[in-house]
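What follows is the residue order along each chain.
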Amino acid sequence: MLLKTIFRVFLANTFAILLLASGGSTPAYAGSVGNPTATPVSSNASAEDPWWKHAVIYEIYPRSFQDSNGDGIGDLNGITARLDYLQGLGVNAIWLTPIYPSPQVDFGYDISNYEAIDPTYGTMADFDRLVAEAKKRNIRVIMDMVMNHTSDQNPWFVESRSSRDNPKRNWYVWRDGKGPGQPPNNWESGFGHSAWAYDAKTQQWYYHHFYPQQPDLNWNNPAVEKAMFNAVRFWLNRGVAGFRLDAITTLFEDPQLRDEKVLPGKNAFGDPNESGALQSILPPMHTVLRALRKVTDSYPGQRVLIGETYMSAQDLPTMYGKNDDELQLPMDLRVGFINKLDVAKFRKRISEAENDMHGNQPLFVFDNHDQIRSWNRYGDGIHDAAIARIVATMLLTTRSTALMYYGEELGMVTTPPKTRAEVQDPIGKIGWPKEKGRDGERTPMQWTPGKDAGFSTAAKTWLPVAPDYKLVNVQVESAQPDSLYFWYKKLIAMRHNNPALYGGDNIMLNTSDPNVLSYLRKNPEAGPSVLVAMNFTAQPRKISFDLKAQGITGTHARTLLQNGGVAEHVSLHHVKLPPFAVFIGEVQ
Ligand code: NOJ
Ligand code: CA
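No experiment lies behind these values; they were computed from the predicted model shown.

What counts, and where the lines are drawn
- Residues numbered from 1 in each chain as written.
- Chains lettered and ligands numbered in written order.
- Predicted model: local features only at pLDDT ≥ 70, side-chain atom pairs only at ≥ 80, totals over all residues.
- Heavy atoms only, no water.
- Domains from an automatic or database assignment.
- Axes fitted to C-alpha atoms, helices over the stretch in contact; angles between N-to-C directions.
- Helix = DSSP H or I, 4+ residues; strand = E, 2+ residues; numbered from the N terminus.
- Parallel < 35°, antiparallel > 145°, perpendicular 65-115°, else oblique.
- Left-handed = near helix turned anticlockwise from the far one by under 90°.
- Contact = heavy atoms within 4.5 Å.
- Nonpolar A, V, L, I, M, F, W, Y, C, P; charged D, E, K, R; others polar.
- Salt bridge = Lys/Arg side-chain N within 4 Å of Asp/Glu carboxyl O.
- Buried < 20%, exposed > 50% of the residue type's maximum accessible area, 1.4 Å probe, protein only.
- Expected span 1.5 Å × (residues − 1).
- Polar contact = N/O pair within 3.5 Å; in protein donor to acceptor, adjacent residues only side chain to side chain.
- Core = buried A, V, L, I, M, F, W, Y, C linked by side-chain atoms within 4.5 Å.
- Donors = N, O, S within 2.8 Å, 3.2 Å for Na, K, Ca; no water.
- Pairing = 2+ DSSP bridges.
- 1 Å grid on protein atoms, 1.4 Å probe; cavity = no way out; pocket = protein on both sides within 12 Å on 5 of 7 lines; lining within 4 Å.
- Points joined across faces, edges and corners; volume = space filled by probe spheres on them.

A word on the domain arrangement of the protein. Where interface size is quoted, it is often the accessible area lost as the parts come together. We note that the domain assignment places domain 1 (51-150 + 225-494), domain 2 (155-207) and domain 3 (505-587) within the protein. Placing a centre on the C-alpha atoms of domain 2 and another on those of domain 3 gives a separation of 57 Å.

Bringing the packing of helix H12 (residues 384-397) against helix H15 (residues 484-497) into the picture now. Look at H12 against H15: their axes get within 10 Å of each other, and the N-to-C directions meet at 15°. Taken as axis vectors, H12 and H15 run roughly parallel relative to one another. Of the two possible hands of crossing, H12 and H15 adopt the one that is right-handed. Of H15, the residues touching H12 (which contributes Ala388, Arg389, Ala392, Thr393, Leu395, Leu396 and Thr397) are Leu484, Trp487, Tyr488, Leu491, Ile492 and Arg495. Broken down by class, the residue content of the contact of H12 with H15 amounts to nine nonpolar, two polar and two charged.

This brings us to the pattern of salt bridges. In total, this model carries 27 salt bridges according to the counting rule given. Note that Arg161 and Asp199 form a salt bridge whose closest N and O atoms lie 2.9 Å from each other. Remark: Asp199 occurs in strand S5 (residues 196-199) and Arg161 occurs in the loop between helix H6 (155-160) and strand S4 (174-175); sequence separation between them is 38 residues. With its nearest N and O atoms 3.0 Å apart, the salt bridge here joins Arg258 to Asp254. Arg258 sits in the partly exposed class, given a relative accessible area of 43%. What emerges from the salt-bridge pattern is a single network uniting Asp106, Asp370, Asp425, Arg438 and Arg442.

Here helix H5 (residues 124-136) is 13 residues long and its end C-alpha atoms lie 19 Å apart, about the 18 Å a rise of 1.5 Å per residue gives. At the N-terminal boundary of H5, the capping side chain belongs to Thr123, with an oxygen 3.3 Å from the backbone nitrogen of Ala125. Just past H5, the residue Asn138 takes up positive phi, approximately 60°.

With that settled, the discussion passes to the nonpolar core. Core analysis: the largest hydrophobic core is formed by 143 residues, its most contacted members being Tyr58, Phe127 and Trp235. What Trp235 contacts, discounting residues up to four positions off in sequence, is Tyr100, Tyr114, Glu115, Ala116, Ile117, Met124, Phe127, Met143, Met145, Val240 and Phe243. Listed in part, the 18 residues of the second largest apolar core include Leu531, Ala557, Leu577 and Ala581.

Let's shift gears to H15. In a regular helix each residue adds 1.5 Å, so 14 residues correspond to 20 Å; H15 covers 20 Å between its end C-alpha atoms and thus fits that length. Taken together, the buried positions of H15 are Leu484, Tyr485, Trp487, Tyr488, Leu491, Ile492, Met494, Arg495 and His496.

Attention now moves to the packing of helix H7 (residues 222-237) against helix H8 (residues 284-297). When two helices pack together, their arrangement is given by the angle between the helix axes and by the axis-to-axis distance. Orientation of H7 relative to H8, taken along the N-to-C sense of each, is 30°, at an axis distance of 10 Å. Between H7 and H8, the crossing angle belongs to the class labelled roughly parallel. For the crossing formed where H7 meets H8, the hand is right-handed. Within the contact between the two elements, H7 uses Glu225, Phe229, Val232, Arg233 and Leu236 and H8 uses Val288, Ala291, Leu292, Val295 and Thr296.

Our next topic: the coordination of the calcium ion (ligand 2). Of the protein atoms, only Asp67 (OD), Asn69 (OD1), Asp71 (OD), Ile73 (O) and Asp75 (OD) coordinate the calcium ion (ligand 2), at distances of 2.3 to 2.4 Å. We note that the donor set of the calcium ion (ligand 2) lies within a single chain, spaced as D-x1-N-x1-D-x1-I-x1-D.

Right, let's talk about the sheet that holds strand S3 (residues 140-146) for a bit. If you walk around this closed barrel you meet the eight strands as S1-S2-S3-S7-S10-S11-S12-S13, and the pairing is parallel. With strand direction ignored, the average angle separating the axes of adjacent strands in the sheet is 30°. Its contacts with the sheet put H7 on S3 and strand S7 (242-246), and the angle it makes with S3 is roughly 165°.

One number sums up the size of the largest cavity: a volume of about 100 Å³. In terms of lining residues, the largest cavity is bounded by 14 residues, among which Asp106, Phe191, Phe210, Asp246 and Arg438 are the most central. Partitioned by chemical class, the residues of the lining of the largest cavity number five nonpolar, three polar and six charged. Space inside the second largest cavity adds up to approximately 90 Å³. Forming the boundary of the second largest cavity are Asp367, Arg373, Ser374, Trp375, Ala388, Val391, Glu408, Gly411, Met412, Leu484 and Tyr488. Those elements that provide at least two residues to the lining of the second largest cavity are helix H11 (374-378), H12 and H15. Here the residues of the lining of the second largest cavity sort into six nonpolar, two polar and three charged.

The structure is reproduced here in structure tokens:
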């Protein structure tokens, strides 16, 4: 499972190797930040803070969230109908994976028109209504912007491939082959096999970092930037709160097209492993990001740029920009995808996020539409429910901005296809049976124990509903005070309302303990701080805290949230933690 997940990261991001190696003003649009009644004050929070610094962002895979017209595919009106649920949960923003017109080869990540809505998902009027209804609930809408590549059906590419002297020829990466039938170099696509596709008509090869139906744009051509930034302005003008930038580190490739270094072994597609270093994180990307940030900053309302950045601890800080003028929130995927409850690793990576980002705001993520769900990656098959609470706690009680994925709050699991014939995601077809694709983590949202889990009324949904839907769903969990759903809801409310959790320093505690991860969210004002302790093992543990160095003189903690039967008032000298228990308490 672990290997596979890492591999999955590799599929979407050719620099996963680095990830492994790193072991290591009242804006027009803004409204108030989430649900706090008043902005709590602490060293990391002030009334001037941008909204995204304290936000909980919720990723929606629109195909799978709520179907409103009975065709078995989720849509925009479905999302609008579920905004009350999201408001109740306490989320501040939703990120929608791509909803633009697309042949759907990569389910929207192959865009054929950047300034329209795919009819499967609705109309532009539906989109505007979604943004307006979300705004009424203080929920912002973040779009997914795919700047590295387009669909091969995009008119830009259709023109580009029409002849070698077409004015758009140079919008994409076209090269001669090395010889007859031989691509320009050994580069591989993250989705299997050569990254070059031959175009018989013009007898040249085009580069595609992902599927052949996703030709890479040539970012050395200023016309590409102009067209893409126009699309960005189009959505900013419609009131979106920002963008999640897809595969942003792959914008540029080595201009000399040198061969990648071949590494030992083969990947799930049967291709030789390659370093991938010449196909991503090339420096000109920073120039584009600075220019893009100027565009988003020219709009009121603190628009945000989020990056899909699977990067090492060394590279990640560069994404904020030398003068904090690039991304506000590059994703720190090193924490959420450790994939093993390893106290030392979590401590190290959370500390790096705190200390090595030059004071910038981290963004933690444990789940997304490309990876096996955290329930399966962290669960041991016995204590999964408790472990899911640990994951939620790390996401929501650290100082990081939190990015969650639909259904994470319910404990939805990954349900991979059983046969190749069932597979929807092409990488599952290319890589079967080793790589089953990403369908398993994209199954329909589980709302009720009824037909299609309340997702749809269709006879057949685009992906099957996971078999556990009768027990794992919003309706059932909303009636169980100790459900995972309520665990998330309580954590989110605490994060919004508790001054120490809202903006207190994040100080790692008992840093040589190999079993219990603990930290203090220090409230610099007179009020209480928050102690978080999590038992990462299947054995009961006892832990003692001496918090004098942190200015805490009290001997007891008052329980705010716990699972596993930890008492109401706890002596700091012996906090007893049952297997995989979480304790969150106030100390002063
Ligand atoms: C990353 C996206 O998250 C993934 O779903 C997509 O397939 C690739 N980028 C290509 O756009
Ligand atoms: Ca539909």
